[in-house]
Amino acid sequence: MLTNRPRGTNDIIPGEVEKWQFVEDVIRDVCRTYGYREIRTPIFEHTELFKRGVGETTDIVEKEMYTFIDRGERSVTLRPEGTAAVVRAYLENKLYTGPQPVKLYYIGPMFRYDRPQAGRYRQFHQFGVEVLGAHSPGIDAEVIAMAMEVYKRLGLRGLELHINSLGCPECRPKLRERLKEFLHTRLDQFCPTCQDRFERNPMRILDCKNEKCRALAAGAPTTLDCLCDECSAFFEAVKEHLEDLGIEYVVDKKLVRGLDYYTHTAFEIMAPGIGAQSSVGGGGRYNGLVEQCGGKDTPGIGYALGLERIILTMEQQGVKFPPAWRPDIFVVTACAEAERTAFKLLSKLREKGYKADKDYNGRSLKAQMKYAGKLNARYTAILGENELKNGTAMMKDMNTGEQQEIPVDKIPELLGGK
Ligand code: AMP
């Protein structure tokens, strides 16, 4: 127990963490160029927020939440996703009083009690963006373009962008009726969950992962068959913008988010060939969510990407990550008297911004050199009696094995200057 982490969680250790830092750096850089600012919300929230903001009939709320009663007898939940909390923060901090839209992004851990498998964990990390207060189709295209830019900058290839339109509260009742008409003749053959959803939320039936239900629902009327003129025009405009930006997409009529506050654009990005968990990100418009969470009618659109799955896909596609940390210089002492000089030299080099290190375990000269080799140091600076007397260091290029004695103040020059 003491040396086992909880099922479905991961340690990200040195060697791995550099990959994460690289991905996060790219994300932050893309966000900066698109004008999205970071928001950090709590890891846990009142349970009610997720029930309202994610939806009572979703798998997340029905089966996957880490919910507990705290010492003050309040029900709190570890966040299973980012959108609800961002909407809450938008309202609570009155971000609607500033210039609109508010473009936000977050990176952080999420928690879902699901059956762990490759690419699916109980604690995982998402990068997500949310735009609140913009209703034009251009912003839908921008959010999608930004997501695709992140994948591109990370070196991912062969991704498929699936898009759909879910309509609006005007066209939704028509779909509901047509769907129910289609489904009710064969309802007894669907799984119990689908049967249960028939009255409450028939659109969710199109979302069922069960193969038999999928086959039964094939040919069911889709949102695109029922769009009102306004929603059709909106969807056309989003597609046009994507085409203008040279972004390829597939219209996927089966892509649904079966909750009333999802409207218009829904999209998902798939990495074919990474197995069952092939979705590397998804999002959509949620014009009804802010109101659902207690605010005024405010348009919103967002997107979230799973970092574990991104890194897994990058590994599978053989993407080159930047090299791991290595010291520019490792200071080696060849006699006990050199210890204090070595320590001061190390500190000076670090001050100048060099990646520098030394031994702290009283190793012999030979063992220090071996250790420097293991750390993959570019140079070692050896300080012995002679060097102390002369104010110099014996510099060894660890690649070529070449050695030269130089004054210590010339070391930065040799390292390439800073
Ligand atoms: P969702 O919030 O369910 O739309 O998921 C958005 C993205 O988060 C997915 O495309 C995945 O990349 C990732 N994701 C969702 N659930 C998990 C999980 N349990 N483990 C790892 N990644 C996940």
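Residues numbered from 1 in each chain as written. Predicted model: local features only at pLDDT ≥ 70, side-chain atom pairs only at ≥ 80, totals over all residues. Heavy atoms only, no water.

1. Quick notes on the overall build of the chain
- The secondary structure content of the chain amounts to 16 helices and 16 strands.
- A globule of 418 residues ought to have a C-alpha radius of gyration of about 22 Å, yet the chain, at 28 Å, is considerably larger.
- For the chain, contacts bridging at least 24 residues in sequence account for 68% of all contacts bridging at least 6.
- Only carbon and sulfur atoms are counted for the fraction: they give 49% of the accessible area of the chain, which is about 21,700 Å².
- For the chain, the centre of its 60 positive side-chain charges and the centre of its 59 negative side-chain charges are spaced 4 Å apart. (Helix = DSSP H or I, 4+ residues; strand = E, 2+ residues; numbered from the N terminus. Rg over C-alpha atoms; globule rule 2.2 N^0.38 Å. Contact = heavy atoms within 4.5 Å. Areas by Shrake-Rupley, 256 points an atom, 1.4 Å probe, with all protein chains shown as cover. Lys, Arg positive; Asp, Glu negative; His and termini not counted. Charge placed at Lys NZ, Arg CZ, Asp CG, Glu CD.)

2. Considering the sheet that holds strand S2 (residues 44-46)
- Spatial ordering of the open sheet is given by S2-S4-S3, a layout of 3 strands whose pairing is antiparallel. The sheet terminates laterally at S2 and strand S3 (66-69), the two strands that pair on one side only. Between one strand and the next, the sheet's axes are offset by a mean angle of 30°, whatever the strand orientation.
- Inspection of the sheet shows S2 paired to strand S4 (residues 75-78) by 3 bridges, in the antiparallel sense. Each bridged residue has a counterpart across the sheet, and for Phe44 the counterpart in S4 is Leu78.
- Here helix H2 (residues 47-54) sits on the sheet in contact with S2, S3 and S4, set at roughly 80° to S2. (Pairing = 2+ DSSP bridges. Axes fitted to C-alpha atoms, helices over the stretch in contact; angles between N-to-C directions.)

3. Focus on the pattern of salt bridges
- Summed over the entire model, instances satisfying the criterion amount to 26 salt bridges.
- In this structure, the salt-bridge partner of Arg74 is Asp70, at a minimum N-O distance of 3.1 Å.
- Arg74 gets classed as partly exposed once you look at its relative accessible area, which sits at 45%.
- For Asp70, a relative accessible area of 22% puts it in the partly exposed group.
- The salt bridge partner of Glu339 is Lys358, with a shortest N-O separation of 2.6 Å. Residue Glu339 is found in helix H13 (residues 338-351), and its partner Lys358 is found in strand S13 (residues 356-358); the two are separated by 19 residues along the sequence.
- Exposure remark for Glu339: the relative accessible area of 36% places this residue in the partly exposed category.
- One network of salt bridges, in which partners are shared, links Asp59, Glu62, Lys63, Asp196, Arg197, Arg200 and Arg204. (Salt bridge = Lys/Arg side-chain N within 4 Å of Asp/Glu carboxyl O. Buried < 20%, exposed > 50% of the residue type's maximum accessible area, 1.4 Å probe, protein only.)

4. What about the pairing of strand S6 (residues 123-132)?
- Of all 10 residues making up S6, 9 are buried, and the element is well covered by its neighbours.
- Looking at chain direction, strand S5 (residues 102-111) and S6 are connected through 10 bridges and run antiparallel. Looking across to S6, one finds that Pro109 is bridged to His125.
- Note that S6 and strand S11 (residues 300-306) share 7 bridges and pair antiparallel. Across the sheet, the residue bridging to Gln126 is Gly306, located in S11.

5. Looking at the site of the ligand
- The ligand sits among 13 residues. The nearest are Arg112, Tyr121, Gln126, Ser279 and Gly281.
- The contact in question runs from an oxygen atom of the ligand to an N or O atom on the side chain of Gln126, over 3.0 Å.
- Here Gly281 contributes a backbone N or O atom positioned 3.1 Å from an oxygen atom of the ligand.
- Coverage of the ligand by the protein chains reaches 85% of its 480 Å² of free accessible surface.
- Taken together, the elements giving at least two residues each to the shell around the ligand come down to S6, strand S10 (279-285) and S11.
- Looking at the shell around the ligand residue by residue, the class counts come to 4 nonpolar, 5 polar and 4 charged. (Near = heavy atom within 4 Å. Polar contact = N/O pair within 3.5 Å; in protein donor to acceptor, adjacent residues only side chain to side chain. Nonpolar A, V, L, I, M, F, W, Y, C, P; charged D, E, K, R; others polar.)

6. A few points about the pairing of strand S12 (residues 329-333)
- Of all the 5 residues making up S12, 5 are buried; the element is thus mostly covered by neighbouring parts of the structure.
- Here S12 shows a buried face lined by Ile329, Val331 and Thr333 and a second buried face lined by Phe330 and Val332.
- Where S12 lies against S13, 3 bridges are found, and the strand directions are parallel. The residue bridging Val331 from the neighbouring strand is Lys358, located in S13.
- In this region the chain leaves S12, passes through H13 and returns to the parallel neighbour S13; the handedness of that crossover is right-handed.
- Here S12 pairs with strand S14 (residues 379-383) via 5 bridges, running parallel. (Right-handed = clockwise from strand over helix to strand, strands pointing away.)

7. So, the packing of aromatic side chains
- Applying the stated criterion to the full structure yields 9 aromatic pairs.
- Ring plane angle 65° and centroid distance 6.3 Å describe the contact between Tyr105 and Phe127, whose orientation is recorded as edge-to-face. Taken together, the residues span a long stretch of sequence, with Tyr105 in strand S5 and Phe127 in strand S6 at a distance of 22 residues. Take Tyr105 and Phe127: they sit in the same class, and that class is buried.
- Their ring planes at 85° and their centres at 5.4 Å tell us that Phe330 and Tyr371 sit as a pair that is edge-to-face. (Phe/Tyr/Trp six-rings, centres within 6.5 Å; stacked < 30°, edge-to-face > 60°.)

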